[in-house]
Amino acid sequence: MTFGRRTLIAATLGAPFVAQAQPKARVIVVGGGFGGATAARTLKRVAPDIDVVLIEPNPVFTACPASNAVIAGLRDHETLRFTYKTLEAEGIRLIHQRVIAIDAAHSSLTLADNTRLDFTRAILAPGIAIRWNALPGYTEAAAAVMPHAWRGGAQIMLLRERLAAVPDGGLVVISVPATPYRCPSAPYERASLVAHHLKLRKPRAKLIVLDSNDSFSMQRLFLAAWKSLYPNLEHLALSASGKVTEVNAGTGEIRTDFETYTPDLANIIPPQRAADIAVQSGVADRTGWCPITPVTFESLLCPGIHVIGDATLLGAMPKSAFAAAAQAKACAHAVALILNGQTPEPPHLLNTCYALIAPHLAISSAGVYRHHGTILVDTEGAGGNSALDAPRSTREAEARHAEAWFHAVTTEAFG
Amino acid sequence: MKRGVLLTLAVALAAAAPPPPGALVCSGCHAATADPGFPPIAGRAAAELEAELLAYRAGTRPATVMDRLTRGFSPGELTSIAAYWAAQK
Ligand SMILES: Cc1cc2nc3c(=O)[nH]c(=O)nc-3n(C[C@H](O)[C@H](O)[C@H](O)COP(=O)(O)OP(=O)(O)OC[C@H]3O[C@@H](n4cnc5c(N)ncnc54)[C@H](O)[C@@H]3O)c2cc1C
């Protein structure tokens, strides 16, 4: 029976079927974003014998990091786009389809065209889904009017075009959800660059950031930057009635407990959870995120399935592309060792997020994490933010590092 | 049952020993790209790398970020990481 199934799989994948005395181990990676692409390449390099299959519906990946600069008109959209040609040349088998079901008990999954594929182990890196209507009124239809631009794709250009069309004297609102969400510093980087755009092109326009949190990533650095650079930016925290309670795409209204705004442009960053496939296959728990052991990244709910990137429930380590890639490398090494019959050591993970406060000025936030049971905790005394009183030359150096990091992380993932 | 069978497959690994904890993350910035925006570290002398990492950790070498990162490691861990990167191409 197993033999028959393997023949079928080989035929579906378009590879010639060669009868083997010893079947190959097959690792299927679901999702070709920062986590998945980096995991697939690392695994192929570490254990070239493994049949590495990467399943990703889109032939071209659009990166979210650096997209805020595209939205503000400071960067070309093409610089965000990456293909899987290098991965295919390295012997990774790409299947451009969506995974619609995962059967962990039988180590198999189903593609949108109903093909079933067996795996020895699977690595899930499917990213996030938006919790439609978790913010009342924010539906898929509403996102066409009040873009989120939080998952790459066409929303990035939509938000850029809408921002360019805001009249002088107009009002822009950015709504920030309660944590946890993808990339904790990105809403504030976006606010900075949108304020920069308005200041330059529409000096009488205003930006209000409505925040469902009281404290946020690199808060003192952002607040200091806004105070000196952007008198057109107002930030309302949770305790200042910043939490958006309802939106109405029909009338364009945005409500908080005390106020109704009718901006020229609303950018709603919505509440999020792990991608649909993680929820449907039982890898996510009631929080909406996937609990794992941070040593091998194996699911606590579905043995044999590893989860990395934004979809995970990880404690202190933020949901970032840097983190997804770091987890991908550690996870790929762990999977190779497990398939080799060895026991992986706990990894030691780092994260660094760069954020632009203006075109050539950036700040950063760093963390070093060790596992503590099923979560990752900050290493005391390490990490932290750029110095509050750093000279302009440091901010300029960090802006160069932000660009160099984007180049490094995309090269590591996509070649 | 099926997993039990498949788990016994022997998978050959490209390297003899796994990298020391933490060493894999460095390429997130110090990538082997043609236009390095970060100083290259692969293939440099282990003793030099170690001395630089320990100086960042001690706060005696000017840094924008390496001081914050190296403080998360013990000197012994940094020695292992330096040896790993010295051996990379
Ligand atoms: C505006 C913005 C700015 C950001 N800036 C930064 C930054 O400066 N630095 C940083 O480190 N991070 C940044 N991030 C965060 C970063 O984009 C994410 O953390 C990162 O993309 C997470 O990687 P991932 O692999 O988990 O998910 P993703 O990169 O989203 O990849 C998931 C992939 O899985 C695929 N997929 C989903 N479901 C299925 C399925 N059923 N079958 C097959 N494939 C599937 C998707 O098509 C997608 O390609 C930013 C994010 C935003 C929104």
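Each chain has its residues counted from 1, running along the sequence as written. Here chains are named by letter from A upward and ligands by number from 1 upward, in the order in which they appear as written. Where totals are concerned, whole chains, interfaces and linings use all residues; where local detail is concerned, this predicted model gives features only for residues with pLDDT of at least 70, and gives and counts side-chain atom pairs only at 80 or more. The basis for every side-chain value is the complete set of non-hydrogen atoms in the structure, without hydrogens or water.

**A closer look at the overall build of chain A**
Inference 1: Going along the chain from the N terminus, every DSSP run of H or I of four or more residues is numbered as a helix, and every run of E of two or more is numbered as a strand. The number of helices and strands found in chain A is 11 helices and 25 strands.
Inference 2: Radius of gyration here uses only the C-alpha atoms, and the compact-globule reference equals 2.2 Å multiplied by the residue count raised to the power 0.38. Compactness check: chain A gives a C-alpha radius of gyration of 22 Å against a globular reference of 22 Å for 415 residues, within 12% of the reference.
Inference 3: Seen along its three principal axes, the alpha-carbon backbone of chain A occupies a region of about 75 × 50 × 35 Å.
Inference 4: Burial status across chain A gives 60% buried among its 415 residues.
Inference 5: Partitioning the contacts of chain A with sequence separation of at least 6, the portion at a separation of at least 24 is 65%.
Inference 6: For every accessible area listed, the method is Shrake-Rupley and the probe measures 1.4 Å; residues are considered covered only by the protein chains on display. With the model as given, the accessible surface of chain A reaches about 16200 Å², and the carbon-plus-sulfur share is 53%.
Inference 7: Treating the 37 positive side-chain charges of chain A as one cloud and the 34 negative ones as another, the clouds have centres 3 Å apart. Burial status follows relative accessibility: with a 1.4 Å probe on protein chains alone, a residue under 20% of its type maximum counts as buried, one over 50% as exposed, and anything between as partly exposed. We call two residues in contact whenever any of their non-hydrogen atoms come within 4.5 Å of each other. His is not counted here, nor are the chain ends, while Lys and Arg score as positive and Asp and Glu score as negative. The atoms used to mark charge sites are NZ of Lys, CZ of Arg, CG of Asp and CD of Glu.

**Quick notes on the site of the ligand**
Residue and element names in this part refer to chain A.
Inference 1: Neighbouring residues are identified by heavy atoms, a residue being near a molecule or strand if any of them is within 4 Å of it. Looking at the ligand, there are 36 residues lining it, with Gly-35, Glu-56, Arg-182, Asp-310 and Ala-321 nearest.
Inference 2: What qualifies as a polar contact is a pair of N or O atoms within 3.5 Å, subject to a donor-acceptor requirement within protein and to the restriction that residues adjacent in sequence count only when both atoms come from side chains. Separating an oxygen atom of the ligand from a backbone N or O atom of Gly-35 is a distance of 2.8 Å.
Inference 3: A distance of 2.8 Å separates an oxygen atom of the ligand from a polar side-chain atom of Asp-310.
Inference 4: Considered on its own, the ligand offers 1000 Å² of accessible surface; in the complex 95% of this is hidden by protein.

**Quick look at the packing of helix α6 (residues 154-164) of chain A against helix α7 (residues 186-201) of chain A**
All names here are of chain A.
Inference 1: Their axes nearest at 11 Å, the elements α6 and α7 cross at an angle of 35°. In the crossing of α6 with α7, the sense of the turn from one axis to the other is right-handed. For the pair α6 and α7, contact is made by Leu-159, Leu-163 and Ala-164 and by Arg-190, Val-194, His-197 and Leu-198, respectively. For helices, the fitted axis covers only the stretch in contact; all axes are lines through C-alpha atoms, and the angles between them, taken along N-to-C directions, range from 0 to 180 degrees. By the definition used in this description, the sense in which the near helix is turned from the far one sets the handedness, with an anticlockwise turn below a right angle giving left-handed and a clockwise turn giving right-handed.

**Some points on the sheet that holds strand β9 (residues 121-124) of chain A**
Residues and elements named next belong to chain A.
Inference 1: Spatial strand order, β5-β2-β1-β9-β20: 5 strands in an open sheet with parallel pairing. Unpaired on one side and paired on the other, β5 (93-95) and β20 (305-307) mark the two borders of the sheet. Neighbour-to-neighbour, the strand axes of the sheet open up by a mean angle of 20°, direction not taken into account.
Inference 2: Bridge count between β9 and β20: 3 bridges; the pairing is parallel. Bridge assignment links Ile-123 to a residue of β20, and that residue is His-306.
Inference 3: Strands β1 (26-30), β2 (51-55) and β9 of the sheet are contacted by helix α2 (residues 34-46), whose axis makes an angle of about 170° with β2. If DSSP finds at least two bridges between two strands, the strands pair.

**So, the interface of chain B and chain A**
Inference 1: Between chain B and chain A, the residue contacts involve 31 residues of the former and 62 residues of the latter.
Inference 2: Here chain B and chain A share an interface that buries about 3600 Å² over both sides, 62% of which is from carbon and sulfur atoms.
Inference 3: The salt bridge criterion pairs a side-chain nitrogen of Lys or Arg with a carboxyl oxygen of Asp or Glu, the two atoms within 4 Å. The tally of links between chain B and chain A comes to 2 salt bridges.
Inference 4: Put simply, Arg370(A) and Glu77(B) hold a salt bridge, and the shortest N to O gap is 3.1 Å.
Inference 5: Elements with a minimum of two residues in the side of chain B that touches chain A: α1 (2-7) and α3 (66-70) of chain B.
Inference 6: Tallying contributions element by element places α1(B) first for the side of chain B that touches chain A, with 4 residues.
Inference 7: Each residue gets one of three labels, nonpolar for Ala, Val, Leu, Ile, Met, Phe, Trp, Tyr, Cys and Pro, charged for Asp, Glu, Lys and Arg, and polar for the others, Gly among them. Partitioning the side of chain B that touches chain A into residue classes produces 18 nonpolar, 7 polar and 6 charged. Two parts lose some accessible area (1.4 Å probe) when they are put together, and adding that loss for both gives the buried area.

**Points about the nonpolar core**
The tendency in soluble globular proteins is for nonpolar side chains to be buried side by side.
Inference 1: As used in this record, nonpolar core signifies buried Ala, Val, Leu, Ile, Met, Phe, Trp, Tyr and Cys residues forming a set joined through side-chain atoms within 4.5 Å. Core analysis: the largest hydrophobic core is formed by 140 residues, its most contacted members being Phe34(A), Ile55(A), Leu109(A), Leu207(A), Phe222(A) and Trp405(A).
Inference 2: With 13 residues, helix α10 (residues 321-339) of chain A is the largest single contributor of residues to this core.
Inference 3: Counting only domains with at least three residues in this core, you end up with domain 1 (5-130 + 272-414) and domain 2 (140-268) of chain A.
Inference 4: Once residues within four sequence positions are removed from consideration, Trp405(A) is found in contact with Pro65(A), Ala321(A), Phe322(A), Tyr354(A), Gly28(B), Cys29(B) and Phe38(B).
Inference 5: Of all hydrophobic cores here, the second largest spans 16 residues; its members include Leu135(A), Ile208(A), Val244(A) and Val247(A). All domain edges in this entry derive from an automatic or database-based domain assignment.

**Digging into the packing of aromatic side chains**
Inference 1: What counts as a ring pair is set by centres within 6.5 Å for rings of Phe, Tyr and Trp (its six-membered ring), and what kind of pair is set by the plane angle: stacked under 30 degrees, edge-to-face over 60, tilted for all other angles. Taken as a whole, this structure holds 13 aromatic pairs over all chains when the rule is applied.
Inference 2: Both rings, one in Tyr84(B) and one in Trp85(B), keep their centres 5.4 Å apart while their planes meet at 90°; by these two values the pair is edge-to-face. Each member of the pair Tyr84(B) and Trp85(B) is classed as buried.
Inference 3: Members of the aromatic cluster, joined through ring pairs, are Phe34(A), Phe61(A), Phe82(A), Tyr84(A), Phe406(A) and Phe414(A).
Inference 4: Residue placement shows Arg75(A) over the ring face of Phe406(A); its charged tip is 5.0 Å from the ring centre.
Inference 5: A ring is considered to have a charge above it if a Lys NZ or an Arg CZ atom is located within 6 Å of its centre and within 35 degrees of its normal. Over the ring of Trp289(A) we find Lys319(A), and its NZ or CZ is 3.8 Å from the ring centre.

**Remarks on the domain arrangement of chain A**
Residues and elements named next belong to chain A.
Inference 1: Along its sequence, chain A is organised into domain 1 (5-130 + 272-414) and domain 2 (140-268).
Inference 2: For domain 1 versus domain 2, the separation of C-alpha centres amounts to 28 Å.
Inference 3: For the pairing of domain 1 and domain 2, the buried interface totals around 3000 Å² over both sides, and the portion due to carbon and sulfur atoms is 67%.
Inference 4: The three residues of domain 1 that bury the most area against domain 2 are Asn-68, Ile-71 and Ile-357, which together make up 22% of that side's buried surface.
Inference 5: Counting every contact that joins domain 1 to domain 2 gives 1 salt bridge.
Inference 6: Put simply, Asp-310 and Arg-182 hold a salt bridge, and the shortest N to O gap is 2.5 Å.
Inference 7: Contributing elements (two or more residues each) for the side of domain 1 that touches domain 2: α3 (67-71), β10 (128-130), β22 (349-358) and β23 (361-372).

**Quick word on α6(A)**
Residues and elements named next belong to chain A.
Inference 1: Within α6, the full set of buried residues consists of Gln-155, Ile-156, Leu-159 and Leu-163. Down the axis of α6, the sector holding all buried residues measures 105°, keeping them to one side. Opposite the packed face of α6, turned more than 90 degrees from it, sit the exposed residues Ala-154, Glu-161 and Ala-164.
Inference 2: Where α6 is buried, its residues meet β3 (60-62), α3, α5 (140-143), β11 (171-176), α7 and β17 (265-268). Starting at the helix axis, one direction is taken to each C-beta atom, and the arc is that of these directions.

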